[in-house]
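Residues per chain are reported as follows:
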Amino acid sequence: MDLIYEPWPWYVSGPLIALVMFILLFAGKQFGMSSNLRTMCSIGGAGKAADFFRFDWKKERWNLMVVIGAVIGGFLASHYMSNNTVEINPDIAQKLSQEYGIDSAGEAYLPPELFASDQLNDPFVLGILIIGGFLVGFGARYAGGCTSGHAISGLSNLQLPSLIAVIGFFIGGLVMIHLLYPLIFN
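Keep in mind that this is a model prediction, so the values were computed, not measured. (Residues numbered from 1 in each chain as written. Predicted model: local features only at pLDDT ≥ 70, side-chain atom pairs only at ≥ 80, totals over all residues. Heavy atoms only, no water.)

**Re the overall build of the protein chain**
Thought 1: Within the protein chain one finds nine helices and zero strands.
Thought 2: Starting at the N terminus and walking to the C terminus, you meet the elements of the protein chain as α-α-α-α-α-α-α-α-α.
Thought 3: C-alpha atoms of the protein chain, sized along the principal axes, occupy 50 × 40 × 35 Å.
Thought 4: Across the 186 residues that make up the protein chain, the buried fraction comes to 18%.
Thought 5: With the model as given, the accessible surface of the protein chain reaches about 13500 Å², and the carbon-plus-sulfur share is 71%. (Helix = DSSP H or I, 4+ residues; strand = E, 2+ residues; numbered from the N terminus. Buried < 20%, exposed > 50% of the residue type's maximum accessible area, 1.4 Å probe, protein only. Areas by Shrake-Rupley, 256 points an atom, 1.4 Å probe, with all protein chains shown as cover.)

**Description of unusual backbone geometry**
Thought 1: Here Leu 158, not a glycine, exhibits a phi torsion of approximately 55°, which is positive.
Thought 2: Relative to the elements of secondary structure, Leu 158 occurs in the loop between helix 8 (147–156) and helix 9 (160–185).

**Side note on the pattern of salt bridges**
Thought 1: Summed over all chains, the structure comprises one salt bridge.
Thought 2: Linking Arg 54 and Asp 51 is a salt bridge whose minimum nitrogen-to-oxygen distance equals 2.0 Å. (Salt bridge = Lys/Arg side-chain N within 4 Å of Asp/Glu carboxyl O.)

**Let's talk about helix 2 (residues 10–27)**
Thought 1: In a regular helix each residue adds 1.5 Å, so 18 residues correspond to 26 Å; helix 2 covers 25 Å between its end C-alpha atoms and thus fits that length.
Thought 2: Positive backbone phi, at 75°, marks Gly 28, one or two positions downstream of helix 2. (Expected span 1.5 Å × (residues − 1).)

**A short note on the side chain of Thr 39**
Thought 1: Within the secondary structure layout, Thr 39 lies in helix 3 (residues 35–43).
Thought 2: Thr 39 gets classed as buried once you look at its relative accessible area, which sits at 2%.

**Topic: the packing of helix 8 against helix 9**
Thought 1: Here helix 8 crosses helix 9 at 140°, and the two axes come no closer than 9 Å. The angle between helix 8 and helix 9 places the two elements in the oblique class. Handedness of the crossing formed by helix 8 with helix 9: left-handed. Here Thr 147, His 150, Ala 151, Gly 154 and Leu 155 of helix 8 lie close against helix 9, whose contacting residues are Pro 161, Ser 162, Leu 163, Ala 165, Val 166 and Phe 169. (Axes fitted to C-alpha atoms, helices over the stretch in contact; angles between N-to-C directions. Parallel < 35°, antiparallel > 145°, perpendicular 65-115°, else oblique. Left-handed = near helix turned anticlockwise from the far one by under 90°. Contact = heavy atoms within 4.5 Å.)

**Re the packing of aromatic side chains**
Thought 1: Considering all chains together, one arrives at four aromatic pairs under this definition.
Thought 2: Each ring, one from Trp 10 and one from Tyr 11, has its centre 5.7 Å from the other, and the planes form 85°; the classification is edge-to-face.
Thought 3: Geometrically, the ring pair formed by Phe 75 and Tyr 80 is edge-to-face, given 6.3 Å between the ring centres and 75° between the ring planes.
Thought 4: Here Phe 75 falls in the partly exposed class, since its relative accessible area comes to 42%.
Thought 5: The positively charged end of Arg 38 is found above the aromatic ring belonging to Phe 52, 4.4 Å away from the centroid.
Thought 6: One Lys or Arg, Arg 38, reaches over the ring of Phe 55 and ends 4.2 Å from the middle of that ring. (Phe/Tyr/Trp six-rings, centres within 6.5 Å; stacked < 30°, edge-to-face > 60°. Lys NZ or Arg CZ within 6 Å of the ring centre and 35° of its normal.)

Have a look at this one:
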């Protein structure tokens, strides 16, 4: 069980991801998570309201299984294959505590200061979640895919738009954490 509790090294997980990408490339499929939102909307009948959702969603059922597998696998891994601790650099843990009030860094994957259900009682936090979720969803579709679709599938297919999107994702993440996060939450 100790092997399962530890993160897998790059030389195991990297080739496994590459193997999956070769299989998908050979099968003529592209991997991505955000495209499943379009598929689910199409299943729900959104094609009656917008042409964007009018397509043969049955061809994308395999990708819905990826989402279901990710949810089930994440649940099983977090509840039965994890000791629920995270190794974190002590300097980062101290900075999180001093600057952001996150004292549980390293004790859980999701710090309760940010992810506890009682946080949803705060209208500010709820508003940030709704606005952030909308912006992430809109941005993923506007960019033609999410980080997993562009960074894993798009880059493995040597697509220039995916390279540009991934660079944009990194720049956006750096701007958010270094400029916007301190303005919003301090």
